[in-house]
Structures are given as structure tokens and as C-alpha cells.
Amino acid sequence: MRVSNSLLIALFLMASLVDLTTTLYGIEIGFSEANPVIAHRLDDVPSFVLSYMAYTLLGTALLWFSLKMGQFSRAFKAFALLFVLLKTFPAINNVLLLARVRHLSPVFTLAWKFLSSI
């Protein structure tokens, strides 16, 4: 199955938006951020949102570059697929936590920690 570059970029941006909004909503209703670096940045929400947008822009540029380089090597396309997959884990985990589906959330949390440590 072939996945279009536009779809991968759209999925990355959608996962970023879901991650951002669910993080902010979760903090607003009393949840705490597990990542200490992000937790510190949440003290100033406008600054956090701007830095998150900059991070997303940088990620989108890296994804676009990887997809363009995928024309020359399949490794770049594989990296792009993994990159989008990694971006979806925090978004899915946040949705599960907010929906109070606690039996699945640890699976995504552990998968995210494992994949981000590689």
C-alpha cells in the first residue's frame, strides 16, 4: 500500500494539533504533564503554544525533506513513516487519558518511551 506524501504531512499536522489541544485541555481540568521539560514550559501558555508551533513547523519541514529524499532512497520514506507514527503516540495517549480509558493508555505511554529512547 502506498501512502501519499500529502497524507503523511496532513496526519503529522493533525496529530500535532490533537496533541497540543488535548495537552492544554488536560492541564486546564487538572491533569499534569508527564514530561518535565514540557511541564515547565506550560507555566507560560502563550510561550508554550508559540514554541510548540515552531517545533511543529520544524518537524513538518523535516518530514517534507525526508519525503522528497524518499525519491532517492526508501530509507527516507521509512523514516518519514516512523516520524509520523511517533507523532501520533502522544496524541492518542492524551485522547485515551482524557476519555478515561486507562487500560490502553499505559501501552501508548510505554511504546512512546521505548521508541523515543532508540
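What you are looking at is a predicted structure, and each value in this text was computed from that prediction instead of being measured.

Colleague: Describe the overall build of the protein chain, naming the residues involved and giving the relevant values.
Modeller: The helix and strand inventory of the protein chain stands at five helices and zero strands. Each helix (α) and strand (β) of the protein chain, taken in turn from the N terminus, gives the series α-α-α-α-α. Within the span of the protein chain, comprising 118 residues, buried residues form 30% of the whole. Across the protein chain, every contact between residues at least 6 apart in sequence was considered, and the portion connecting residues at least 24 apart equals 59%. A total accessible area of about 8,000 Å² is found for the protein chain, and carbon and sulfur atoms account for 72% of it.

Colleague: Account for the nonpolar core, with residues named and values stated.
Modeller: Counting residues in hydrophobic clusters, the biggest one holds nine residues: V3, L8, I9, F12, L63, L67, A80, F83 and V84. Looking at this core, the elements with two or more residues in it are helix 1 (5–28), helix 3 (45–69) and helix 4 (74–98).

Colleague: Explain the packing of helix 3 against helix 4 residue by residue, including any values.
Modeller: It is at 7 Å that the axes of helix 3 and helix 4 come closest, and there the two elements cross at 155°. With respect to their mutual orientation, helix 3 and helix 4 come out roughly antiparallel. In this structure, helix 3 crosses over helix 4, and the sense of that crossing is left-handed. Across the interface between the two elements, Y52, Y55, G59, L62, L63, S66, L67 and M69 of helix 3 pack against F76, K77, F79, A80, F83, V84 and K87 of helix 4. In the contact of helix 3 with helix 4, the residues fall into eleven nonpolar, two polar and two charged.

The rules we used
- Residues numbered from 1 in each chain as written.
- Predicted model: local features only at pLDDT ≥ 70, side-chain atom pairs only at ≥ 80, totals over all residues.
- Heavy atoms only, no water.
- Helix = DSSP H or I, 4+ residues; strand = E, 2+ residues; numbered from the N terminus.
- Buried < 20%, exposed > 50% of the residue type's maximum accessible area, 1.4 Å probe, protein only.
- Contact = heavy atoms within 4.5 Å.
- Areas by Shrake-Rupley, 256 points an atom, 1.4 Å probe, with all protein chains shown as cover.
- Core = buried A, V, L, I, M, F, W, Y, C linked by side-chain atoms within 4.5 Å.
- Axes fitted to C-alpha atoms, helices over the stretch in contact; angles between N-to-C directions.
- Parallel < 35°, antiparallel > 145°, perpendicular 65-115°, else oblique.
- Left-handed = near helix turned anticlockwise from the far one by under 90°.
- Nonpolar A, V, L, I, M, F, W, Y, C, P; charged D, E, K, R; others polar.

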